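In case you want the letters, here they are:
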Amino acid sequence: MKKSPIHIRVLFVFFAVFLIAAQSQLIAQSEASGQDLVTINSRPSGAVVHLDGEYQFIGRTPFVVPYTVIGKYEVKASKPGYQPVRRVITFAGDASQELKLQLQLKTRLKATGRSLLAPGWGQFYSERKMIGSIYSSSAAISLIYLIKSQQDYLTSSRDYESLLTTSNVGGLSYEQQRAVIEKVENAWKSVESKSDTRDLNLYIIAGIWAINMLDSYLFFPNYGREIDVFQRFSLNSMPIQDGAGIGLNYSFN
């Protein structure tokens, strides 16, 4: 079976990036010989990493910090399709150190579960912030209207019960009795109307909740799973007799 042009291009781009990364890593290791530098690796590799402390650094794993760092640093790593990692590390600066970060893959079920708990959360989780904002704001507005309609219903119910009690008072003339009965009937119509409005708002928010969950499940981003096999490769620095070298690893997990 012949490989399609898109697969050939993906393979070519991957190996080109791999060779460039390997060359850059070797250069960095060569220049850093004799220094106590920090190497940051991640699984999968290719995560963008930030170091924030006395100095600030940014790079892509595998990343060799170009200077010796000492003290407390906040290390953040992120990659599309994976949950960001944030750790606080204290570097001593007295020996070469390797920091390994494990990023958890985002999944369709996790996005749906978040949407079950709060509309829009699953969309934010899957990096669809605009859609998430629409669902969360729609649910919030619907919830406000639901609370207000419930309060209106309770108020109408209290008014109806009060008028119903008044209609049972004796000593009223026929005209007064008719007027009270008319008020009671109008009050009951108001109760029914407020009840229908409350139920409608309840159905609306339930619909938003359900659609938001379906959206999280059906439209979960692909995140380039067609090249996920390449993301399992990682480069690691390793000492050799006359300097530094590169080790290529592949994760089957």
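Rules used in this analysis
- Residues numbered from 1 in each chain as written.
- Predicted model: local features only at pLDDT ≥ 70, side-chain atom pairs only at ≥ 80, totals over all residues.
- Heavy atoms only, no water.
- Helix = DSSP H or I, 4+ residues; strand = E, 2+ residues; numbered from the N terminus.
- Buried < 20%, exposed > 50% of the residue type's maximum accessible area, 1.4 Å probe, protein only.
- Polar contact = N/O pair within 3.5 Å; in protein donor to acceptor, adjacent residues only side chain to side chain.
- Contact = heavy atoms within 4.5 Å.
- Pairing = 2+ DSSP bridges.
- Patch = residues over 30% accessible without salt bridge, like charges linked within 9 Å, V, L, I, M, F, W, Y side chains within 5 Å.
- Areas by Shrake-Rupley, 256 points an atom, 1.4 Å probe, with all protein chains shown as cover.
- Salt bridge = Lys/Arg side-chain N within 4 Å of Asp/Glu carboxyl O.
- Phe/Tyr/Trp six-rings, centres within 6.5 Å; stacked < 30°, edge-to-face > 60°.
- Lys NZ or Arg CZ within 6 Å of the ring centre and 35° of its normal.
- Core = buried A, V, L, I, M, F, W, Y, C linked by side-chain atoms within 4.5 Å.
- Arc of directions from axis to C-beta.
- Axes fitted to C-alpha atoms, helices over the stretch in contact; angles between N-to-C directions.

> How should unusual backbone geometry be read in this particular structure?
Glycine aside, a negative phi is what most residues show, and trans is what most peptide bonds show. Cis geometry marks the peptide bond from Arg43 to Pro44; its omega dihedral reads 0 degrees. Turning to its location among the elements, Pro44 is positioned in the loop between strand E1 (38-43) and strand E2 (48-52). With an omega of 0 degrees, the peptide bond running from Thr61 to Pro62 counts as cis.

> Explain the side chain of Ser115 here, please?
Within the fold, Ser115 resides in helix H2 (residues 108-117). Relative accessible area serves as the criterion here: at 0%, Ser115 is assigned to the buried category. Reaching out from Ser115, the side chain makes a polar contact with the backbone nitrogen of Gly122 at a distance of 3.3 Å. Beyond its immediate sequence surroundings of up to four residues, Ser115 is in contact with Gly122, Gln123, Trp209, Asn212, Met213 and Ser216.

> What exactly am I supposed to notice about the side chain of Ser126 here?
Take Ser126: it is sitting in the loop between helix H3 (121-125) and helix H4 (129-167). Given a relative accessible area of 3%, Ser126 falls into the buried group. Sequence-distant contacts of Ser126, that is, excluding residues within four places in its chain, are made with Phe220, Pro221 and Tyr223.

> I'm lost on the environment of Leu202 in this one. Help?
Structurally, Leu202 can be placed in helix H5 (residues 174-218). The class for Leu202 is partly exposed, based on a relative accessible area of 42%. Each C-alpha atom, one on Leu202 and one on Leu143, is 8.1 Å from the other, the two residues being 59 residues apart in sequence.

> So what exactly am I meant to see when it comes to the sheet that holds strand E7 (residues 97-102) here?
Each strand in a sheet pairs with its neighbour through backbone hydrogen bonds, running either in the same direction (parallel) or in the opposite one (antiparallel). The strand order E4-E1-E7 describes an open sheet built from three strands, whose pairing is mixed. Of all strands in the sheet, those with a lone pairing partner are strand E4 (63-64) and E7, marking the two edges. Here E1 pairs with E7 via six bridges, running parallel. Paired with Ile40 across the strands is Leu99, a residue of E7.

> Quick question: what am I supposed to make of a nonpolar patch on the surface here?
Together, Leu109, Leu214, Tyr217, Leu218 and Phe219 make up an exposed nonpolar region whose accessible area comes to about 570 Å². Tallying contributions element by element places H5 first for the nonpolar patch, with three residues. The class of Leu109 is exposed, set by a relative accessible area of 66%.

> I tried to follow the packing of aromatic side chains on my own but got confused; where do I start?
What describes a pair of aromatic rings is the distance from one ring centre to the other and the angle between the planes of the rings. Inspection of the entire model under this criterion finds three aromatic pairs. Ring geometry for Phe57 and Tyr67: centres 6.4 Å apart, planes at 35 degrees, overall tilted. Within this pair, whereas Phe57 is found in strand E3 (residues 56-60), its partner Tyr67 is found in the loop between E4 and strand E5 (71-78), the two being separated by ten residues in sequence. In this structure Phe57 comes out as buried when scored by relative accessible area, which is 13%. Over the aromatic face of Tyr125 sits the side chain of Lys106, whose NZ or CZ is 5.3 Å from the ring centroid. Here the basic side chain of Arg108 rests over the ring of Tyr217, its NZ or CZ set 5.4 Å away from the ring centre.

> Mind showing me how you'd approach the nonpolar core here?
Burial of nonpolar side chains together is a common tendency in soluble globular proteins. Counting 19 residues, the largest nonpolar core has Ile40, Leu51, Val65, Val75, Phe91 and Leu101 as the members making the most contacts within it. Among residues more than four places away in sequence, those in contact with Phe91 are Val38, Leu51, Val69, Ile70, Gly71, Tyr73, Val75 and Gln97. One finds Tyr160, Val184, Ala187 and Val191 within the second-largest nonpolar core, a separate group that totals five residues.

> Can you help me understand the environment of Val48 in this one?
By the element assignment, Val48 lies in strand E2. Residues Val48 and Pro84, spaced 36 residues apart in sequence, show a C-alpha to C-alpha distance of 9.7 Å. Excluding residues within four positions of it along the chain, Val48 makes contact with Ile58, Gly59, Arg60, Lys76, Ala77 and Ser78.

> Could you clarify how one ought to interpret H2 in this entry?
Each α-helix winds once per 3.6 residues, and so residues spaced three or four apart point in a common direction. Among all positions of H2, only Ala111, Thr112, Arg114 and Ser115 are buried. An end-on view of H2 places all buried positions within 160 degrees of arc, on one side of the element. Seen from the open side of H2, the exposed residues pointing more than 90 degrees away from its buried face are Leu109 and Leu117.

> Can you walk me through the sheet that holds strand E6 (residues 85-91) in this structure?
Strand order in the open sheet made by the four strands is E3-E2-E5-E6, with antiparallel pairing throughout. Strands with a single pairing partner mark the edges of an open sheet, and in this sheet they are E3 and E6. Averaged over all adjacent pairs, the angle separating strand axes in this sheet is 20 degrees, with direction ignored. Across five bridges, the pairing between E2 and E5 is antiparallel. For Val49, the partnering residue across the bridge sits in E5 and is Ala77.

Don't take any of this as a statement about function, it's just geometry.
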